[in-house]
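Commentary on secondary and tertiary structure
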Amino acid sequence: QSRYNGGETKKGIDCSAFTLKLFDKVYNVKLPRTASEQYKSTSRIKKEELKDGDLVFFRTNYMSTWHVGVYLTDGWFIHSKGRVGVTFDNLQNPKYQRLYYGAGRIK
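In this report, the structure presented in the accompanying data block is examined. (Residues numbered from 1 in each chain as written. Predicted model: local features only at pLDDT ≥ 70, side-chain atom pairs only at ≥ 80, totals over all residues. Heavy atoms only, no water.)

1. Quick word on the nonpolar core
The tendency in soluble globular proteins is for nonpolar side chains to be buried side by side. Formed by 14 residues in total, the largest nonpolar core has its most connected members in Phe 23, Leu 55, Phe 57, Trp 66, Val 68 and Val 70. Of all the secondary structure elements, the ones that give two or more residues to this core are helix 1 (15-27), helix 2 (35-40), strand 2 (55-60) and strand 3 (65-71). Ranked by residue count, the leading element in this core is helix 1, at four residues. Counting eleven residues, the second-largest nonpolar core is a separate cluster that includes Phe 58, Tyr 96, Leu 99 and Ala 103. (Core = buried A, V, L, I, M, F, W, Y, C linked by side-chain atoms within 4.5 Å. Buried < 20%, exposed > 50% of the residue type's maximum accessible area, 1.4 Å probe, protein only. Helix = DSSP H or I, 4+ residues; strand = E, 2+ residues; numbered from the N terminus.)

2. What to know about the pattern of salt bridges
Applying the stated criterion across every chain, the model contains four salt bridges. Asp 14 is paired through a salt bridge with Arg 33; the nearest N and O atoms lie 3.0 Å apart. Residue Asp 14 is located in the segment before helix 1, and its partner Arg 33 is located in the loop between helix 1 and helix 2; the two are separated by 19 residues in the primary sequence. A relative accessible area of 14% places Asp 14 in the buried class. Here Asp 54 and Arg 105 are joined by a salt bridge, their closest N and O atoms 2.8 Å apart. (Salt bridge = Lys/Arg side-chain N within 4 Å of Asp/Glu carboxyl O.)

3. Quick word on unusual backbone geometry
Phi is positive for Asn 28, close to 55 degrees, though the residue is something other than glycine. Residue class for Asn 28 comes out exposed when judged on its relative accessible area of 61%. Even without glycine at this site, Asp 74 takes up a positive phi of about 50 degrees. With respect to the helices and strands, the residue Asp 74 is situated in the loop between strand 3 and strand 4 (76-80). For Asp 74, a relative accessible area of 64% corresponds to the exposed category.

4. Considering the sheet that holds strand 4
Spatial ordering of the open sheet is given by 1-6-2-3-4-5, a layout of six strands whose pairing is antiparallel. Each of the sheet's edge strands pairs with one partner strand only, and the pair in question is strand 1 (42-45) and strand 5 (86-90). Between one strand axis and the next, the sheet turns through 40 degrees on average, direction left out of account. Examined bridge by bridge, strand 2 and strand 6 (residues 100-106) share four bridges and lie antiparallel to one another. Looking at strand 6, one finds that Val 56 is bridged to Ala 103. Contacting strand 2, strand 3, strand 4, strand 5 and strand 6, helix 1 runs over the sheet at an angle of about 35 degrees to strand 3. (Pairing = 2+ DSSP bridges. Axes fitted to C-alpha atoms, helices over the stretch in contact; angles between N-to-C directions. Contact = heavy atoms within 4.5 Å.)

5. Observations concerning the packing of aromatic side chains
Tallied over the full model, the rule gives ten aromatic pairs. Considering the side-chain rings of Phe 58 and Tyr 100, the 6.0 Å spacing of their centres and the 75 degrees angle between planes classify their relative orientation as edge-to-face. Placement of Phe 58 in strand 2 and of Tyr 100 in strand 6 is noted, with a sequence separation of 42 residues between them. Residue class for Phe 58 comes out buried when judged on its relative accessible area of 1%. Among the aromatic side chains, those forming a connected cluster through ring pairs are Tyr 39, Phe 57, Trp 66 and Tyr 101. The residue whose ring lies beneath Lys 47 is Tyr 100, and the NZ or CZ to ring-centre distance is 4.2 Å. (Phe/Tyr/Trp six-rings, centres within 6.5 Å; stacked < 30°, edge-to-face > 60°. Lys NZ or Arg CZ within 6 Å of the ring centre and 35° of its normal.)

Dropping the structure here:
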């Protein structure tokens, strides 16, 4: 698999495939396949309005690549890092503060 196409297997699920599968299985909600399409399909919310189940978006590689995770609580979110796997991180982490692009709520 190309790193640009992302993965969809348990050995290398990319961030948007992870959110797509999570929302399908847990919430019975169909999301678009890519992080940028998921961003466009959600309603904008402020960081201080985040609730569990909201999507958090990041821009990487000089703002050309999208990344998405699912907000949990107290600044924590869950996301997939491809070959690293599914992991938890905090929005207060300097890396994610720098890359944070916005948040969205499923319409």
